[in-house]
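Structure at a glance
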Amino acid sequence: MRVEILCTGDEILTGKTINTNYSHMARRLGEVGLTVHWGTTVGDDRESLLQAFHQAGERADAVIVNGGLGPTVDDLSQEVAAEACGVPLVLNEHWMTRMEQNYARRGRVMPPNNKKQAMLPENAEFIDNPIGTACGFAVTIGKARFFFTPGVPREMRLMLEEQLIPRLLKIGGITGVTRLKRFHTFGIGESRADGMLSDIPAFQNGHIKLGFQAHYPELETKLAIHSDSEADLNIRLAPVEAEVRKRLGNFIIAEDNQTLEGVVLAALLERGLTLATAEMFSGGHMAARLAPLPGAERIFRKGVVTRDPGELGINGVSAEAAQSVGRKLRDESRASHALALLIDLDEGPERPDFGGTVCIGIADGSGTVARQARLIGNRDWIRAGAVEMGLDCLRRHLLGLPVDERIDFERR
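In this report, the structure presented in the accompanying data block is examined. (Residues numbered from 1 in each chain as written. Predicted model: local features only at pLDDT ≥ 70, side-chain atom pairs only at ≥ 80, totals over all residues. Heavy atoms only, no water.)

What about the packing of aromatic side chains?
One pass over the structure, following the stated rule, counts 8 aromatic pairs. Ring geometry for phenylalanine 53 and phenylalanine 148: centres 5.6 Å apart, planes at 80°, overall edge-to-face. Here phenylalanine 53 is found in helix H3 (residues 46-59), whereas its partner phenylalanine 148 is found in strand E8 (residues 144-149), with 95 residues between them in sequence. Accessibility classification places phenylalanine 53 together with phenylalanine 148 in one group, the buried group. With a centroid separation of 4.3 Å and an interplanar angle of 10°, the aromatic rings of phenylalanine 137 and phenylalanine 148 are classed as stacked. (Phe/Tyr/Trp six-rings, centres within 6.5 Å; stacked < 30°, edge-to-face > 60°. Helix = DSSP H or I, 4+ residues; strand = E, 2+ residues; numbered from the N terminus. Buried < 20%, exposed > 50% of the residue type's maximum accessible area, 1.4 Å probe, protein only.)

So this is what it looks like as structure tokens:
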């Protein structure tokens, strides 16, 4: 089945807003066995939208339209869809009532222009949106079935999972079950991971598809499998999962929807531990990945952010200095664990060999451990790698794994 994703909005077309909705939709459709053949972006222009709808209706079997369902004059999706179908817009009484009730529950009167969101093409299929004021709908234009979704990411994502994917699988005649198993690693590159895994028989005979997606500093290793039943899928996938875990070993920082910071937080919470952090040059990015997570308020004691080593009581950056900062921070904060991340950048402008020395110190009731590495790249690259390394060192320490295990990104 040929699927097209059509995103609307001047802010998307001009690049003022990064189109994360497209990447999410395309990835999720691929995970369930649906291939996206075209991705189109159109501004808030009536004629351009109408032309795009007709073009998509001739070449695709299913089209997801994202955006343009709001209450303002530049939200044109319903109107242009009705024009493309040759039908008038009619009021959906059910959705109108729902919107009025939602506003009433918040003690507000619904603005008159929100009525526009309940105007749908005549005979359109209603698609529910349980968390927003823009309902979805489906119509047929040309030979394609069009599904209209709101541009608000959390609304779109819920609608995609609960409403659209089941309909698309039915249209495509796709039966059985599909799963995408994901391993997130830090410290190994794409080519090395491929060399570690590609000779597994299930990947060579095509029973399971192996893929990679690099987004520095992490690498995502993906195992895609389709089967007639959940039971058969589990039987075939389980031994391959186990072999991948064995080969990637300590470099696996998380799986599926987990994150490195989430794994670290869970390890601290499970053991009743607390944490304080100190960062130099990273701008608080390490603490910012932990602090917003649910439950972090129970473990996070203190965060220090500075660019001046003197403020941390040290004269320069070294493994010993990182351990000293960790010990001092632990005593001051009374946390069970302290994590210090120190970065010493090369002087001068960025150049091919530009880099920085990264020193990490972890202090707990048993003493201190340290990790030192040199990373090469621009300032953002070094910052991202150092923050990831700091969190990974803490993960390893909490799980009893070696902290000083060489990674592909460092120079020694």
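Now that the structure has been shown, we can carry on.
A short note on the nonpolar core
Here is a general trend for soluble globular proteins: nonpolar side chains tend to be buried in one another's company. Formed by 57 residues in total, the largest nonpolar core has its most connected members in Leu197, Phe203, Leu223, Val244 and Met389. With 8 residues, the top contributor of residues to this core is helix H13 (residues 379-399). Excluding residues within four positions of it along the chain, leucine 223 makes contact with Arg179, Leu180, Lys181, Phe183, Phe203, Ile208, Lys209, Leu210, Leu237, Val240 and Val244. (Core = buried A, V, L, I, M, F, W, Y, C linked by side-chain atoms within 4.5 Å. Contact = heavy atoms within 4.5 Å.)

Topic: the packing of H3 against helix H4 (residues 77-85)
Relative orientation of the contacting elements H3 and H4 amounts to 55°, with a least axis distance of 10 Å. For the element pair H3 / H4, the angle class is oblique. Note that H3 runs across H4; the crossing there is right-handed. For the pair H3 and H4, the contacting residues are Arg46, Leu49, Leu50, Phe53 and His54 in the first and Ser77, Glu79, Val80, Ala81, Glu83 and Ala84 in the second. (Axes fitted to C-alpha atoms, helices over the stretch in contact; angles between N-to-C directions. Parallel < 35°, antiparallel > 145°, perpendicular 65-115°, else oblique. Left-handed = near helix turned anticlockwise from the far one by under 90°.)

So, a negative patch on the surface
On the surface, a cluster of negative charge is contributed by Asp10, Glu11, Asp45, Glu47, Asp74 and Glu83. The topology assignment puts aspartate 74 in the loop between strand E3 (62-66) and H4. On the accessibility criterion, aspartate 74 (37% relative accessible area) is partly exposed. (Patch = residues over 30% accessible without salt bridge, like charges linked within 9 Å, V, L, I, M, F, W, Y side chains within 5 Å. Areas by Shrake-Rupley, 256 points an atom, 1.4 Å probe, with all protein chains shown as cover. Salt bridge = Lys/Arg side-chain N within 4 Å of Asp/Glu carboxyl O. Lys, Arg positive; Asp, Glu negative; His and termini not counted. Charge placed at Lys NZ, Arg CZ, Asp CG, Glu CD.)

Points about empty space enclosed by the protein
Applying the stated rule across the entire model yields 1 cavity of 30 Å³ or more. Put simply, the largest cavity is a space of about 40 Å³. In terms of lining residues, the largest cavity is bounded by Phe186, Arg371, Met389, Asp392, Cys393, Arg396, Val403, Glu405 and Ile407. The greatest single-element share of the lining of the largest cavity, amounting to 4 residues, is contributed by H13. (1 Å grid on protein atoms, 1.4 Å probe; cavity = no way out; pocket = protein on both sides within 12 Å on 5 of 7 lines; lining within 4 Å. Points joined across faces, edges and corners; volume = space filled by probe spheres on them.)

Things to note about helix H7 (residues 190-197)
Among the residues of H7, those classed as buried are Ala193, Met196 and Leu197. Along the axis of H7, the buried residues cluster in a sector spanning 85°; they form a single face. Facing away from the buried side of H7 by more than 90 degrees, the exposed set consists of Ser191 and Gly195. Tucked inside the fold, the buried residues of H7 contact helix H8 (201-204), strand E10 (209-215), strand E11 (218-227) and helix H9 (230-248). (Arc of directions from axis to C-beta.)

Re the pairing of E8
Strand residues, when the strand is regular, have side chains that alternate between the two faces of the sheet. E8 sits mainly inside the fold: 5 of its 6 residues count as buried. One ladder, built from 5 bridges, connects strand E7 (residues 136-141) with E8; its direction is antiparallel. Residue phenylalanine 137 lies in a different strand from E8, and its bridge partner there is phenylalanine 148. The antiparallel pairing of E7 with E8 creates a hairpin that spans 2 residues between the two strands, and glycine 142 there sits at a positive phi of about 65°. (Pairing = 2+ DSSP bridges.)

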